[in-house]
Amino acid sequence: MRGIIRQFLFQASIIAWVMVGFILGYLTGIIQVGQIAQNREQKLASEFTQLLESSIKTPPAASNPTPAPQQKVSTAKLPNINYSGPELWTAVNQARVEHGVQSLSQKDVLCTIAAIRLNQIRDLGELDNHDGFQPTYDKYKDSPNIPNNVSEFLISGYPTPNQAVEAWLDTLGHKKLITGGEYVWGCVYAQEGFGVAITGF
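An unreviewed UniProt entry lists the protein under the name SCP domain-containing protein.

Residue position: H174 is located in the loop between α5 (161-169) and α6 (176-179). As a C-alpha pair, H174 and S151 span 23 residues in sequence and 10.0 Å in three-dimensional space. Excluding residues within four positions of it along the chain, H174 makes contact with H130, F153, L154 and W168.

Membership of the largest hydrophobic core comes to 21 residues, with the highest contact counts inside it found for L88, V92, V165, W168 and L177. Those elements that place two or more of their residues in this core are α2 (85-98), β2 (150-156), α5, α6 and β3 (185-191). Once residues lying within four places of it in the same chain are set aside, the contact partners of V92 are L104, V165, W168, L177 and I178. Core analysis: the second largest hydrophobic core is formed by 16 residues, Y137, V150, L154 and C187 among them.

Attention now goes to the packing of helix α3 (residues 108-124) against helix α4 (residues 133-140). Packing of α3 against α4 brings their axes to within 10 Å, and their N-to-C directions diverge by 150 degrees. Crossing handedness for the pair α3 and α4: right-handed. Along its contact with α3, which presents V109, T112, I113, I116, R117 and Q120, the element α4 presents F133, T136, Y137 and Y140. Looking at the contact of α3 with α4 residue by residue, the classes come out as 6 nonpolar, 3 polar and 1 charged.

Throughout the structure, instances matching the rule amount to 3 aromatic pairs. Where F133 meets Y137, the ring centres are 6.0 Å apart and the plane angle is 25 degrees; that geometry is what we call stacked. Of this pair, F133 and Y137 both sit in helix α4, 4 residues apart, which is roughly one turn of that helix. You'll find F133 and Y137 in the same group, each marked buried. Arranged with centres 5.9 Å apart and planes meeting at 90 degrees, the rings of F153 and Y183 form a pair that is edge-to-face. Here the residue F153 occupies a position in strand β2, and Y183 occupies one in the loop between α6 and β3, the gap between them amounting to 30 residues. Each of the two residues, F153 as well as Y183, counts as buried. The rings of F153, Y183 and F201 are connected pair by pair, giving a single aromatic cluster.

Thresholds applied
- Residues numbered from 1 in each chain as written.
- Predicted model: local features only at pLDDT ≥ 70, side-chain atom pairs only at ≥ 80, totals over all residues.
- Heavy atoms only, no water.
- Helix = DSSP H or I, 4+ residues; strand = E, 2+ residues; numbered from the N terminus.
- Contact = heavy atoms within 4.5 Å.
- Core = buried A, V, L, I, M, F, W, Y, C linked by side-chain atoms within 4.5 Å.
- Buried < 20%, exposed > 50% of the residue type's maximum accessible area, 1.4 Å probe, protein only.
- Axes fitted to C-alpha atoms, helices over the stretch in contact; angles between N-to-C directions.
- Left-handed = near helix turned anticlockwise from the far one by under 90°.
- Nonpolar A, V, L, I, M, F, W, Y, C, P; charged D, E, K, R; others polar.
- Phe/Tyr/Trp six-rings, centres within 6.5 Å; stacked < 30°, edge-to-face > 60°.

Right under this line is the structure:
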């Protein structure tokens, strides 16, 4: 009986030692893994901090910075163009008389078209090759006072009304404004160097 008890105790002690060894090994492994993970985390954090600091550093200032290019403004004085519609109207009619045709008589509906067209061209900042004339004319073509045949003459950039008239005379298509005896009605608007003449018969 004593032998059985001794054998049992011996086996129990072996099992106990194995269990203690297993538990100690397990705990040691957990501690080591935790330390490795912590070291790796600290290393990554340190590398990230260094990388962040190096990207924030401002580059050294250049010793001789190149100035930004600036647009040069011309000092040449542009001609003062400020004649009015009535002045251009007078110049047109004087030139017509000088060329042996009657002065134009003013018609309000033509003045409305001329005023609209002048505003369109001024807003555009340049002549529009008569692109806006037809749509504007179409709005008033059924007016009882509008002539059957209506034409538009444009001018820009001439310093005086007489120079504008001369330019019209020098252009084959616009010469009719001055020499065309068929035109009976008309209206002229001008401002800021742009001129619009609307005529009809």
